[in-house]
Amino acid sequence: MSMQSGFATGAEARRAVRNGKLVGQTSSLAPGFVQGNLAILPQALAGDFLRFCQRNPKPCPIIGMTEPGDPRLPDLGADLDLRTDLPRYRVWRDGELVEEPTDILSHWHDDLVGFVIGCSFSFEEALIADGLEIRNVAQGANVSMFRTSIPCAPAGPFAGPMVVTMRPFSPADAIRAIQITSRFPSVHGAPVHIGLPEQIGIADLSKPDYGDPVELRDGELPVFWACGVTPQAVIAAARPPFAITHAPGAMLVTDLKNSRLATL
């Protein structure tokens, strides 16, 4: 199963993932519940990564951080387990992607620190509630994600380009999307760029670096939000001996309500 929207709670969605009934992207999976990106690093690098996230809050808004060796985050879900509760993971060694497992039980050890980072899937619900079409949701596809030429502020070994998501809107709807997503700073907030993708280093919207291409219709503008896949590009560039991230689009579904993240 690649996509399912019939879960009433984040806990139900996590159980389906944990039981192997859901493998794939999680956009619109459990309406109303916050989703998060994942980065897991050895404790020796966790402080530098935390500073990187603090210096780059648009792409890396932290909504949860574990104690070393503890895969649980009860503030995000009573039974939540970072080792089993994402549909697909990415395992990195020396900056190279070596495996994409459906759980990381065999990779977990007592030196690891997990970070859960806010995800733009959380504000998609608010856009849809306002009557805006989210093209990737309508197409049953993963959102388009692109590496850009926008540099992140470095911290320790972590440095590199911002990754963005793209959603197309008419000019009027783009203005409304800016107003709505500005209320959600902990899940990337307002867009970082509108139109003219070449100005941020994107050559071809039909060839995303992650996710799926989505249709851009005549008269529409591509609207770009900072994306929590940014740590993957940064971790690959830093080449740590070991790291784990989520597979793009395969998020952690939490028990937090999206409405709790709105500032207004």
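Please refer to the structure placed before this passage.
The shown structure was predicted, so the numbers you read here are calculated from the model rather than taken from an experiment. (Residues numbered from 1 in each chain as written. Predicted model: local features only at pLDDT ≥ 70, side-chain atom pairs only at ≥ 80, totals over all residues. Heavy atoms only, no water.)

**Student:** How would you explain helix H3 (residues 121–129) if you had to name every residue and give the values?
**Tutor:** The set of residues buried in H3 consists of Phe121, Ser122, Phe123, Glu124, Ala126 and Leu127. Elements in contact with the buried residues of H3: strand S1 (33–42), helix H4 (135–138), strand S7 (161–169), helix H5 (171–181) and strand S9 (221–226). One or two residues past the end of H3 sits glycine 131, with phi positive at roughly 90 degrees. (Buried < 20%, exposed > 50% of the residue type's maximum accessible area, 1.4 Å probe, protein only. Helix = DSSP H or I, 4+ residues; strand = E, 2+ residues; numbered from the N terminus. Contact = heavy atoms within 4.5 Å.)

**Student:** For the side chain of glutamate 124, give the residues involved together with the corresponding values.
**Tutor:** Mapped onto the elements, glutamate 124 comes out in helix H3. A relative accessible area of 2% means that glutamate 124 is categorised as buried. In this view, glutamate 124 contacts Ser27, Ile134, Asn136, Val137 and Arg167; residues no more than four positions away in its chain are not counted.

**Student:** Which residues make up the packing of aromatic side chains, and what values do they have?
**Tutor:** Applying the stated rule across the entire model yields five aromatic pairs. An angle of 75 degrees between the planes, with centres 5.5 Å apart, marks the rings of phenylalanine 49 and phenylalanine 158 as edge-to-face. In this pair, phenylalanine 49 sits in helix H2 (residues 43–55) while phenylalanine 158 sits in the loop between strand S6 (144–151) and S7, placing the two residues 109 residues apart along the sequence. Both residues of the pair, phenylalanine 49 and phenylalanine 158, belong to the buried class. Ring geometry for phenylalanine 123 versus tryptophan 225: centroids 5.2 Å apart, planes at 45 degrees, classification tilted. Of this pair, phenylalanine 123 sits in helix H3 while tryptophan 225 sits in strand S9, and the two are 102 residues apart along the sequence. By relative accessible area, phenylalanine 123 is classed as buried at 0%. The cationic tip of lysine 257 hangs over the ring face of phenylalanine 33; the distance from NZ or CZ to the ring centre is 5.2 Å. (Phe/Tyr/Trp six-rings, centres within 6.5 Å; stacked < 30°, edge-to-face > 60°. Lys NZ or Arg CZ within 6 Å of the ring centre and 35° of its normal.)

**Student:** Describe unusual backbone geometry, listing the residues and the values that go with them.
**Tutor:** Residue histidine 188 is not a glycine yet carries a positive backbone phi of 90 degrees. Considering the arrangement of structural elements, one finds histidine 188 in the loop between H5 and strand S8 (193–194). Residue histidine 188 is classed as buried on the basis of its relative accessible area of 1%. Here the phi dihedral of arginine 239 falls at roughly 55 degrees; this positive angle occurs in a residue that is not glycine. The class of arginine 239 is partly exposed, set by a relative accessible area of 44%.

**Student:** Explain the sheet that holds S7 to me, and be specific about the residues and the numbers.
**Tutor:** With antiparallel pairing, the four strands of this open sheet are ordered in space as S6-S7-S9-S8. Edge positions in the open sheet fall to S6 and S8, since each of these has one partner strand only. Note: S8 against S9, two bridges, orientation antiparallel. Bridge assignment links isoleucine 194 to a residue of S9, and that residue is valine 223. Across the sheet, helix H6 (residues 230–238) is in contact with S6 and S7; its angle to S7 comes to roughly 155 degrees. (Pairing = 2+ DSSP bridges. Axes fitted to C-alpha atoms, helices over the stretch in contact; angles between N-to-C directions.)

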